[in-house]
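Here's the letter readout for the chains.
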Amino acid sequence: MVSGGRLHLMEHVQVAAAWEGRVLVLAPHYDDETIGCGGWLAGFPFKRWVRVIFVCDGRGSPSLRSRGRVLPSGVEMGAVRRAEAEAALATLGLSRDQMECWEFPDGSLGQRWEELTERLRAELTARPCRLLFLPFRYDRHSDHEVLSRVGRWMALSQFPAPEVREYFVYYRRRLFPQGDIRRMVVPDFLIREDLSEAQRSMKRAALMCYRTQTEYGPWGAPALSPSLIEDIVAGP
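Remember, it's a predicted structure, so these values are computed and weren't measured experimentally.

Judged by nonpolar contacts, the single largest core of 40 residues is most densely connected at W40, V50, F54 and F133. When residues of this core are assigned to their parent elements, the largest contribution, five residues, is made by helix α2 (residues 32-43). Counting residues in hydrophobic clusters, the runner-up holds 20 residues, among them V55, F104, L134 and L147.

Structure representation (structure tokens):
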């Protein structure tokens, strides 16, 4: 994760003590929260302080195929993906009432940034947070980049401003050293949290709740292959 502070190697109890208060996770799409900071959520002991907002509705997912079966796109797909998110958060120890869905159309945030700004301003005004999780600012998806930019603007407008931490989803980038964009971030701005085996297990189980991503794909191959899931779970 990326932070505006110095390098921290943090134990889970230290994190809890430092962030006693409200934690807000902004996820552009269903599953980004688990890929990006699911391990941190699994290890955070005061889960009642956490709130997760999914900004996009999941309806833009294409029809998915696997072994001759086809999952529909559109409204039904949005409902399927929302149910998967509920199951994933439950696996990480969060209840349904800690989750909210804003239902912006997938891929639309670049055209609706003013509406997104107002929605987020209202959220942070009504429910100030101390720690705000956002996607990495160069996360190779327009929805991720816009949400990160707007979230950072809105955080700076708050007093006191929450600490912002940017989590990585699309960290695999072939043109960067060892195919990992995280290696290009200045170390002083990185927070490294090495996951315990229990956290890894919970994160893996939460990812597996997203069957539309682990079992299906537009051409039959799943978006989250077994090897990618293990790579996501094994690292910090």
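This part covers the pairing of strand β4 (residues 50-56). Most of β4 is tucked away: seven of the seven residues are buried. Across five bridges, strand β3 (residues 23-27) lies against β4 in parallel orientation. Each residue of the ladder has a partner; that of L26, found in β4, is I53. With α2 bridging β3 and its parallel neighbour β4, the resulting β-α-β unit is right-handed. Pairing between β4 and strand β7 (residues 99-104): four bridges, direction parallel.

This part covers the packing of helix α6 (residues 197-208) against helix α8 (residues 226-234). With their axes 9 Å apart at the nearest point, α6 and α8 run at an angle of 145° to one another. The element α6 and its partner α8 pack so that their crossing is right-handed. On α8, the residues touching R200, K203, R204, L207 and M208 of α6 are I229, E230, I232, V233 and A234. Here the residues of the contact of α6 with α8 sort into six nonpolar, no polar and four charged.

Attention now goes to the packing of aromatic side chains. Aromatic ring pairs are defined here through the distance separating the ring centres and the angle between the ring planes. In the structure shown here, the tally under the stated rule is nine aromatic pairs. Ring geometry for W40 and F44: centres 4.6 Å apart, planes at 15°, overall stacked. The two residues W40 and F44 agree in class, both being buried. Geometrically, the ring pair formed by F136 and F168 is tilted, given 4.7 Å between the ring centres and 45° between the ring planes. Linking F136 in the loop between β8 (131-135) and α5 (142-156) with F168 in the loop between β9 (163-167) and β10 (191-192), this pair joins segments that are 32 residues apart in sequence. Like F136, the residue F168 is buried in the burial classification. Three or more aromatic residues joined by ring pairs form one cluster here, namely W40, F44, F46, W49 and F133.

The rules behind the values
- Residues numbered from 1 in each chain as written.
- Predicted model: local features only at pLDDT ≥ 70, side-chain atom pairs only at ≥ 80, totals over all residues.
- Heavy atoms only, no water.
- Core = buried A, V, L, I, M, F, W, Y, C linked by side-chain atoms within 4.5 Å.
- Buried < 20%, exposed > 50% of the residue type's maximum accessible area, 1.4 Å probe, protein only.
- Helix = DSSP H or I, 4+ residues; strand = E, 2+ residues; numbered from the N terminus.
- Pairing = 2+ DSSP bridges.
- Right-handed = clockwise from strand over helix to strand, strands pointing away.
- Axes fitted to C-alpha atoms, helices over the stretch in contact; angles between N-to-C directions.
- Left-handed = near helix turned anticlockwise from the far one by under 90°.
- Contact = heavy atoms within 4.5 Å.
- Nonpolar A, V, L, I, M, F, W, Y, C, P; charged D, E, K, R; others polar.
- Phe/Tyr/Trp six-rings, centres within 6.5 Å; stacked < 30°, edge-to-face > 60°.

Fair warning: the whole summary comes from geometry, so function is off the table for now.
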